[in-house]
Amino acid sequence: MEKNQKIAEVAELKETFASATSAVVIEFKGLVVEKDTAFRKSIRESKAQYRVGKNTLLRLAVKDTTFAPLGGHFKGASAVATTKDDVVALAKAVNGFLKDNPAATFKAGIMDGKQIDAKQLQVLAELPSRDVLIAKLLYLMTYPISGLAVALEGIRKQKAGE
C-alpha cells in the first residue's frame with residue numbers, strides 16, 4: 001500500500017470514527033468467507049459499518065477521538081464494527097456473530113462513550129428492540145390513566161344503580 005493510499009485510508013477511518021457513537025473491536029482469526037459475509041449482512045441490516053483494516057492505520061484513526069482507548073486492542077486480525085444509530089442492534093449483531101463463530105473473539109468496545117466488556121455486550125444484546133421498548137414505555141404511560149377511567153366508570157355505574 002502506497003503512502004497516499006494509507007493517508008486516504010486513515011482519513012476515511014477517522015471520518016467513520018468521528019461520526020460513530022459506538023464501536024466494537026473483534027478478532028476474526030480463522031473465519032471462513034461465508035460466515036464473514038453473513039456477519040457483514042447482519043451489520044448492514046443494523047445500520048452499522050464493519051471494517052477490516054491494518055492495525056497501524058486503525059490506531060492512527062482512533063487517536064484523538066472518543067475511541068482512543070481502543071488503540072491498544074488493534075493487534076492480530078482486527079476488525080471494527082461502528083454505528084451512529086442503534087447501539088442495541090449493533091450489540092445484537094456482534095453478539096450473534098460471536099456465538100455462532102467460536103473462532104472470532106471480542107477484544108474491546110465503546111458504547112456511547114463508555115468502555116464495555118464481553119459480558120456488557122451480551123447484556124446489551126439481550127435487551128428488547130427499540131420498538132418493543134417504546135411500546136412498553138407507552139403502555140406504562142397510559143396504564144395509570146386507563147386505571148383511573150375504569151375506576152370512574154365503576155363509580156358511575158354504582159351511582160346509577162347498575
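Heads up: the structure comes first, above all this text.
In this report, we go over the structure that sits alongside the text. This structure is a prediction, so every number in the text was calculated from the model and none was measured.

### Examining the overall build of the protein chain
Looking only at helices and strands, the protein chain has six helices and five strands in total. For the protein chain, the succession of helices and strands along the chain, N to C, is α-β-α-β-α-β-α-β-β-α-α. Whereas a compact globule of 162 residues would reach a radius of gyration of roughly 15 Å, the protein chain reaches 23 Å, over 25% beyond that. In terms of overall dimensions, the protein chain has a C-alpha envelope of 90 × 30 × 25 Å along the principal axes. Across the 162 residues of the protein chain, 34% fall into the buried class. Within the protein chain, contacts between residues at least 6 apart in sequence are counted, and of these 78% link residues at least 24 apart. As presented, the protein chain carries roughly 10200 Å² of accessible surface, and 58% of it is formed by carbon and sulfur atoms.

### Observations regarding the packing of aromatic side chains
Any pair of aromatic rings gets described here by the distance separating the centres and the angle formed by the planes. Enumeration according to the criterion identifies four aromatic pairs in this entry. For the ring pair tyrosine 139 and tyrosine 143, a centre distance of 5.8 Å and an interplane angle of 45 degrees mean the geometry is tilted. Linking tyrosine 139 with tyrosine 143, this pair stays in helix α6 (residues 130–160), spanning four residues, or about one helical turn.

### Describing the pairing of strand β1 (residues 22–27)
In summary, the side chains of a regular strand alternate between the two faces of the sheet. When you tally the buried positions in β1, you get five out of six residues, the bulk of the element. For β1 and strand β3 (residues 78–83), the ladder comprises six bridges, and the chain directions are antiparallel. Bridge assignment links valine 25 to a residue of β3, and that residue is valine 80. Two strands pair when backbone bridges link them, and β1 and strand β4 (residues 105–111) are joined in this way by six bridges, in the antiparallel orientation.

### Some points on the sheet that holds β1
Taking strand neighbours across the sheet as the criterion, the five strands line up as β2-β3-β1-β4-β5 in an open arrangement whose pairing is antiparallel. With partners counted over all chains shown, the strands left at the sheet margins are β2 (49–52) and β5 (114–116), one partner each. Here the average twist between neighbouring strands, direction ignored, is 20 degrees. Each of β1, β4 and β5 is contacted by helix α5 (residues 118–125), which is oriented at about 70 degrees to β4, the strand it contacts most.

Reading the values: the criteria
- Residues numbered from 1 in each chain as written.
- Predicted model: local features only at pLDDT ≥ 70, side-chain atom pairs only at ≥ 80, totals over all residues.
- Heavy atoms only, no water.
- Helix = DSSP H or I, 4+ residues; strand = E, 2+ residues; numbered from the N terminus.
- Rg over C-alpha atoms; globule rule 2.2 N^0.38 Å.
- Buried < 20%, exposed > 50% of the residue type's maximum accessible area, 1.4 Å probe, protein only.
- Contact = heavy atoms within 4.5 Å.
- Areas by Shrake-Rupley, 256 points an atom, 1.4 Å probe, with all protein chains shown as cover.
- Phe/Tyr/Trp six-rings, centres within 6.5 Å; stacked < 30°, edge-to-face > 60°.
- Pairing = 2+ DSSP bridges.
- Axes fitted to C-alpha atoms, helices over the stretch in contact; angles between N-to-C directions.

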